[in-house]
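# Reading the structure
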Amino acid sequence: MAPFDNMISAARAMLLIAGAGLIAGAGAGPLAEPHLRPVPRTGAEAARIAAAIGAPAGFDAAEAYEALPAGAATLRGGADFASPAPGIADARRMEFELGKALFEKLWVAAPSATRASDGLGPLFNARSCAGCHPGNARMPIPEAGAENTGLVLKLSRSAPAVDAPAIAGWHPTMPDPALGRQVQDRSLPGLPIEGRLRVAHDEIAVPLSGGETAMLRAPRYGLERAGDGAGQGDDPGLMQSVRQAPQLIGLGLLEAIPAADLLAAADPEDADGDGISGRAAVVWSAAHGQAMLGRFGYKAGAATLRDMAAMAFADDLGLSSPLRPDPWGDCTPAQAACLALPSGEDAGLRDGRGVSGEALDLVAFYTASLAVPERRAPGDPEVLAGKRAFHAAGCTACHTPRHVTHRLPDSPERSFQLIWPYSDLLLHDMGPGLADGRPEGLATGREWRTAPLWGIGLNDAMRAGGVGYLHDGRARTLLEAILWHGGEARLARDKVAAMPPETRAALIRFLESL
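Residues numbered from 1 in each chain as written. Predicted model: local features only at pLDDT ≥ 70, side-chain atom pairs only at ≥ 80, totals over all residues. Heavy atoms only, no water.

### Some points on the pattern of salt bridges
Taken as a whole, this structure holds 37 salt bridges when the rule is applied. The partner of R402 in a salt bridge is E63, with the nearest N and O atoms 2.7 Å apart. With R402 in the loop between α10 (381–392) and β12 (403–404) and E63 in the loop between α3 (43–52) and β1 (74–75), the pair connects residues that are 339 residues apart, well separated along the chain. Each member of the pair, R402 as well as E63, is classed as buried. Notably, a salt bridge pairs R476 with E480, separated by 3.1 Å at the nearest N-O pair. Taking relative accessible area as the criterion, R476 reaches 25% and is therefore assigned partly exposed. Its relative accessible area of 7% is what places E480 among the buried residues. What emerges from the salt-bridge pattern is a single network uniting E63, E66, R375, K387 and R402. (Salt bridge = Lys/Arg side-chain N within 4 Å of Asp/Glu carboxyl O. Helix = DSSP H or I, 4+ residues; strand = E, 2+ residues; numbered from the N terminus. Buried < 20%, exposed > 50% of the residue type's maximum accessible area, 1.4 Å probe, protein only.)

### Looking at the layout of surface pockets
Estimates place the volume of the second largest pocket at around 620 Å³. If you trace the second largest pocket, you find 24 residues lining it, with H35, R92, E255, D361 and R414 closest to the centre. Of all the secondary-structure elements, those providing two or more residues to the lining of the second largest pocket are α4 (90–104), α7 (305–316) and α9 (357–368). The element contributing the most residues to the lining of the second largest pocket is α9, with six residues. When the residues that make up the lining of the second largest pocket are grouped by side-chain class, the tally is nine nonpolar, five polar and 10 charged. (1 Å grid on protein atoms, 1.4 Å probe; cavity = no way out; pocket = protein on both sides within 12 Å on 5 of 7 lines; lining within 4 Å. Points joined across faces, edges and corners; volume = space filled by probe spheres on them. Nonpolar A, V, L, I, M, F, W, Y, C, P; charged D, E, K, R; others polar.)

### So, the confidence of the model for the chain
Do not read the fine detail of predicted coordinates wherever pLDDT is low. When pLDDT is averaged across the chain, the result is 91; 91% of the residues are at 70 or more. Predicted confidence for residues 13–26 stays below pLDDT 50, and this span has 22 contacts to residues more than four positions away or in other chains. Below pLDDT 50 for its whole length, residues 228–232 participates in 11 contacts with residues either more than four positions away or in separate chains. (pLDDT = per-residue confidence, 0-100. Contact = heavy atoms within 4.5 Å.)

Below is the structure:
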């Protein structure tokens, strides 16, 4: 076992055992979990869990249960991202199918004869959730000059602190007065779109050990404005960040990790001096009307899957919901032509919104219930050598291999499962290369949530021509994604670059097996 892993495991064990009693009394702040009904852990269970998530004893064979990244909820014998998690109660299988139907539904403009499906836009990025998440996998590599399906441009400006939620350290921002929270590149007939995102790349050569060279693509983004957002040129006050639609598997299991466990790993002041800080993203949950731990999104801006679904309906499809009640989605007061069109809200239908509370629950349940496929060949010698290299480089300081979920009697498919997402779900400074300069909540313009790695090796097989990695899809390969790491991850990145070529290849093979 690597000494670095020993230190991490010992620290996590002490914190988990000490924190076992926190879960039962957690009622407010980042420990609050009103979206779950957990059975508190006993001290004995906490000790068992600490042992189960400790560092591996060696790298000569696969660990127990390593082939099942989602525990009993793992999809066996399959490699897709659309199957329901095994263990879902029969009574809830219909909810999964209804949520899937809503996720794939093509929304139309209002008014329409199909009243249950109207209310799209007027400005939007897709007509369905599946339009940005086909197959629930990552999107293809963004190419220069091509139609950038699956990419959105997030916008914000600095705002007075009085408009911020009462969360210490919050970066107060507001939507752009002309364009809103993001650029919508589609619209209803007769209404101009807001603009189109254009992408160009500069190639950067990165020397590696063994005489190898990797080529990175440094993206340059431009916004071609149109319609109500007319105007060209740079705007120094407008903060922009490009985001690619992520994969969606295992989200319900991430939602079920005890907040106390995640917070135990945070080290915002780097008290242990290892160069890894890890900060919790505390956010405001519209679903529960209180501050909670952020878990979802590239900067952990959503506390629950219900919050995340409401954000996507509003900004991507222009649909209101009980959590995001704006009738015209992301249309701003300055966009008079947009606000003049029918919104699709009907007092006698869907809770008077574009999407009802029940529909929001069904979509959240669908995304919570997507199974994680089983590992491929975790005991292969090259995979095991790559796993050793992954640990030796210090990648597990942020990409925490294992967690154990809450005991959840009402959700057996995700209850008390040993899972392997390879993420701490915390915010980390990733350096200037990945910085977007756009704060979001507690996250600075250099910080990103650690991305879960389970299933990452299956994405390429689902997209002809491969997929893009990182928050904006710039990386064409997993090695490119690693080489973009900086900030807290710089030391690990440098170790990968200095590895013998065969060790580096084994590391990539390990990641592809996840």
